[in-house]
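# Structural characterization, general
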Amino acid sequence: MKIPKTLVIPRGGYKPILNVMNTEIAVNELKKHFEARLSENLNLIKVSPPLLVSEGNGINDNLSGSERVVSFDALDIKDHQIEIVQSLAKWKRVALGRYGFTIGEGLYTNMNAVRRDEVLDNLHSMYVDQWDWEKIISKDQRNLKTLKAEVRNIYQAMKSTEKHMYEFHPALKPVLPEDIYFITAQELEDLYPHLTPKEREDSVSKEYGAVFLMQIGGALRSGTKHDSRSPDYDDWSFNGDILFWSPLLERSIEISSMGIRVDENTLLKQLKLENNEERILLEFHKSLLNGELPYTLGGGIGQSRLCMFLLKKAHIGEVQASVWNVEILRYCQENNINLL
């Protein structure tokens, strides 16, 4: 049978360390431990997230701008459509102000989303589960020093969880380095000018094991972008992705995307760059420009991706229940990949 072009089978074949039942137990144990460490390291409390938001107020995250939102009409709401969230990047910032959080305090949620336009592969599912987190900072904390400090706090929570899962099962041997390596998208392009952005990520992740790739969204000196980012939540000067090298799949895995959020000036600048200036009329954007929202930083940490990495799984469907096409289902079955 022809291998689906988006699917990777580990070299030499694949034998999962944990069976399905023990995987479910391990996923629960992993999430419980990581949530405790994340909350402690970043000073966060857990809150209830929305699954649905109203269309047209600018709260829903439009990701890179090309993804189609899942929306529907409701029996008892006549004047607008309802949308399933794609992430909570903007909702969290509003919630911090509404709930009365102060500088240095923050929240996190178990966020569930549906992304209908994902190309399905080992790392991508239509069902998205994240620890979505956000905390308040002062205006003068909007800098790389603040960003890097929080990245290290998150990374240490991940390291602690890796150690915990090794104690849970001795075959889950730790592979993460002691510290995470920082590099900008421009520095990465300068290092590997002839590689694609994904190939650059693989190269630097293979060398360092764990990388925080910074300043994603704007054009590089080559005239191209490393990757697209929505112009109205992350400040492209103070954002980035946490990347881990997977020895099993022999590729990098993006575990988290995060950043310091736009202020009034950066919002206007990035909307202009993306020709999205019409968004300033939306409720969220007007609140931000009027100084009604706190300055924050935050991000999303992939729950299933972290589980997949730490439990040494070959496919995200081994740690979450989702929907897959016929080719993926058949080929995973033939290659000992047990999708939930």
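Residues numbered from 1 in each chain as written. Predicted model: local features only at pLDDT ≥ 70, side-chain atom pairs only at ≥ 80, totals over all residues. Heavy atoms only, no water.

As annotated in an unreviewed UniProt entry, the protein chain is Aspartate--ammonia ligase from Cytobacillus oceanisediminis. If you open the UniProt record of the protein chain and go to Catalytic activity (unreviewed entry), you find "L-aspartate + NH4(+) + ATP = L-asparagine + AMP + diphosphate + H(+)". On record in UniProt, under Sequence similarities (unreviewed entry), the comment for the protein chain is "Belongs to the class-II aminoacyl-tRNA synthetase family. AsnA subfamily." (UniProt positions renumbered as here; feature names shortened; annotations may be inferred.)

### Observations regarding unusual backbone geometry
A positive phi angle, near 55 degrees, is found at Asn275, a position not held by glycine. Mapped onto the secondary structure, Asn275 falls in the loop between helix H6 (264-273) and helix H7 (283-289). For Asn275, a relative accessible area of 63% puts it in the exposed group. (Helix = DSSP H or I, 4+ residues; strand = E, 2+ residues; numbered from the N terminus. Buried < 20%, exposed > 50% of the residue type's maximum accessible area, 1.4 Å probe, protein only.)

### Focus on the sheet that holds strand E1 (residues 44-46)
Across the sheet, eight strands lie side by side as E1-E5-E6-E11-E10-E9-E8-E7; this open sheet has mixed pairing. On the outer flanks of this sheet lie E1 and strand E7 (181-184), each paired with one strand and no other. Mean inter-strand twist for the sheet, computed between neighbouring axes without regard to direction, equals 25 degrees. For strand E8 (residues 210-214) and strand E9 (residues 234-246), the ladder comprises five bridges, and the chain directions are antiparallel. Within E9, the position partnered with Met214 by the bridge is Gly240. (Pairing = 2+ DSSP bridges. Axes fitted to C-alpha atoms, helices over the stretch in contact; angles between N-to-C directions.)

### Quick word on the packing of aromatic side chains
The relative placement of two aromatic rings is captured by the distance of their centres and the angle of their planes. Enumeration over the complete set of coordinates arrives at five aromatic pairs. On the numbers, 3.7 Å between centres and 5 degrees between planes, the contact of Tyr181 with Tyr208 is stacked. Residue Tyr181 is found in strand E7, and its partner Tyr208 is found in helix H5 (residues 197-208); the two are separated by 27 residues along the sequence. A residue is classified by how much of its surface remains accessible, and Tyr181, at 29% relative accessible area, is partly exposed. Taking the relative accessible area as the measure of exposure, Tyr208 reaches 30% and is therefore partly exposed. A ring pair is formed by Phe244 and Phe309, whose centres lie 5.0 Å apart and whose planes are at 50 degrees; its orientation type is tilted. Placement of the pair is Phe244 in strand E9 and Phe309 in helix H8 (residues 303-310), with a sequence separation of 65 residues. Residue classification places Phe244 among the buried residues on the basis of a relative accessible area of 0%. Given the relative accessible area of 7%, Phe309 is considered buried. (Phe/Tyr/Trp six-rings, centres within 6.5 Å; stacked < 30°, edge-to-face > 60°.)

### Here we look at the sheet that holds strand E2 (residues 52-54)
With antiparallel pairing, the three strands of this open sheet are ordered in space as E2-E4-E3. The sheet is open, and its two borders are formed by E2 and strand E3 (71-74), each paired with just one other strand. The average angle at which neighbouring strand axes cross in this sheet is 40 degrees, direction not considered. In this sheet, strand E4 (residues 77-84) lies alongside E3 in antiparallel orientation, the contact comprising three bridges. By the bridge assignment, Ser71 is partnered in E4 with Glu83.

### Some remarks on the packing of helix H1 (residues 20-42) against helix H3 (residues 144-168)
In the contact formed by H1 and H3, the axes pass within 9 Å of each other and the chain directions differ by 145 degrees. Seen along the crossing, H1 lies across H3 with a hand that is right-handed. Here H1 contributes Asn22, Ile25, Ala26, Glu29, Leu30, His33, Phe34, Arg37, Leu38, Asn41 and Leu42 to the contact with H3, which in turn contributes Glu150, Asn153, Ile154, Gln156, Ala157, Met158, Ser160, Thr161, His164, Met165 and Phe168. The residue inventory of the contact of H1 with H3, partitioned by class, reads eleven nonpolar, eight polar and three charged. (Left-handed = near helix turned anticlockwise from the far one by under 90°. Contact = heavy atoms within 4.5 Å. Nonpolar A, V, L, I, M, F, W, Y, C, P; charged D, E, K, R; others polar.)

### Let's talk about the pairing of strand E10 (residues 251-261)
Of all eleven residues making up E10, nine are buried, and the element is well covered by its neighbours. In sequence, E9 turns back onto E10 through a hairpin of four residues, with Glu250 there showing a positive phi of about 55 degrees.

### Quick notes on helix H9 (residues 326-334)
By the burial criterion, the buried members of H9 are Ile328, Tyr331 and Cys332. Looking straight down H9, one finds its buried side chains confined to an arc of 100 degrees; they lie on one side. Residues of H9 that are exposed and point over 90 degrees away from its buried face: Gln333 and Glu334. A positive backbone phi angle near 65 degrees is found at Asn336, which sits one or two residues after H9. (Arc of directions from axis to C-beta.)

### Digging into H1
In this model H1 runs 32 Å from its N-terminal to its C-terminal C-alpha over 23 residues, within 8% of the 33 Å that 1.5 Å per residue would give. Those residues of H1 not exposed but buried are Thr23, Ala26, Val27, Leu30, His33, Phe34, Glu35, Leu38 and Leu42. For H1, the N-terminal capping position is held by Asn19, with its side-chain oxygen 3.3 Å away from the main-chain nitrogen of Met21. (Expected span 1.5 Å × (residues − 1). Polar contact = N/O pair within 3.5 Å; in protein donor to acceptor, adjacent residues only side chain to side chain.)

### A word on the packing of H1 against H8
As a packed pair, H1 and H8 sit with axes 10 Å apart at the nearest point and diverge in direction by 115 degrees. Relative to H8, the element H1 lies roughly perpendicular. Between H1 and H8 lies a crossing whose hand is right-handed. Taking contact as the criterion, the partners of Val27, Leu30, Lys31 and Phe34 in H1 are, on H8, Gln303, Leu306, Cys307 and Leu310. Tallied by class, the residues present in the contact of H1 with H8 amount to six nonpolar, one polar and one charged. (Parallel < 35°, antiparallel > 145°, perpendicular 65-115°, else oblique.)

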